[in-house]
Amino acid sequence: MTGLPNYRPRQLSLGPLEQEILNIVWDLGTATVKDVHQRILKDPDRELAYTSVTTVLKRLTNKGWLTCKKDNKIHVWSALITREQARSLQAYEQLNRFLSVGNVDMVAAFADELDQTSLEKLDAIAQRLREIRQQREG
């Protein structure tokens, strides 16, 4: 079972450019400003200053998404969590926001409108929760 990662960025919300640059770092594994800048400029319709890439990489580091190491005067960034872990954290946050509505009837009304595949997923989730609780108790 894939759970939530032990590490969590300080700030989960990201702007579009931050998300794009984070995706580039995930794709590359490790990246310099030059690597990211060149990847963005592969699109001939894009313009982005080198310094803007540096700013966004630093912002992602401050938010807890990236780490930066200096290698012979060159800064190299890498992600602190995987793309899959990020999806898990974001899904967890969305679920908590949805459940914070607090009105059981409203949540049930939404669930009642789901298609068959989604209802089957909810049933599978409920079954898995029962199994997890039984393992904890037993």
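Right above here is the structure, for reference.
Residues numbered from 1 in each chain as written. Predicted model: local features only at pLDDT ≥ 70, side-chain atom pairs only at ≥ 80, totals over all residues. Heavy atoms only, no water.

Outline the packing of helix 1 (residues 16-28) against helix 3 (residues 50-62), listing residues and values.
To describe two helices that pack against each other, one gives the angle between their axes and the distance between the axes. Put simply, helix 1 and helix 3 touch, their axes get as near as 10 Å, and they point 85° apart. The orientation of helix 1 relative to helix 3 falls into the category roughly perpendicular. Here Leu17, Glu18, Ile21, Leu22 and Val25 of helix 1 lie close against helix 3, whose contacting residues are Val53, Val56, Leu57, Arg59 and Leu60. For the contact of helix 1 with helix 3, the class distribution of residues is eight nonpolar, no polar and two charged. (Axes fitted to C-alpha atoms, helices over the stretch in contact; angles between N-to-C directions. Helix = DSSP H or I, 4+ residues; strand = E, 2+ residues; numbered from the N terminus. Parallel < 35°, antiparallel > 145°, perpendicular 65-115°, else oblique. Contact = heavy atoms within 4.5 Å. Nonpolar A, V, L, I, M, F, W, Y, C, P; charged D, E, K, R; others polar.)

Which residues make up the pattern of salt bridges, and what values go with them?
Following the criterion strictly, the structure yields seven salt bridges and no others. Arg83 is paired through a salt bridge with Asp27; the nearest N and O atoms lie 2.8 Å apart. Placement of Arg83 in helix 4 (residues 83-99) and of Asp27 in helix 1 is noted, with a sequence separation of 56 residues between them. On the accessibility criterion, Arg83 (27% relative accessible area) is partly exposed. Owing to a relative accessible area of 48%, Asp27 belongs among the partly exposed residues under this scheme. (Salt bridge = Lys/Arg side-chain N within 4 Å of Asp/Glu carboxyl O. Buried < 20%, exposed > 50% of the residue type's maximum accessible area, 1.4 Å probe, protein only.)

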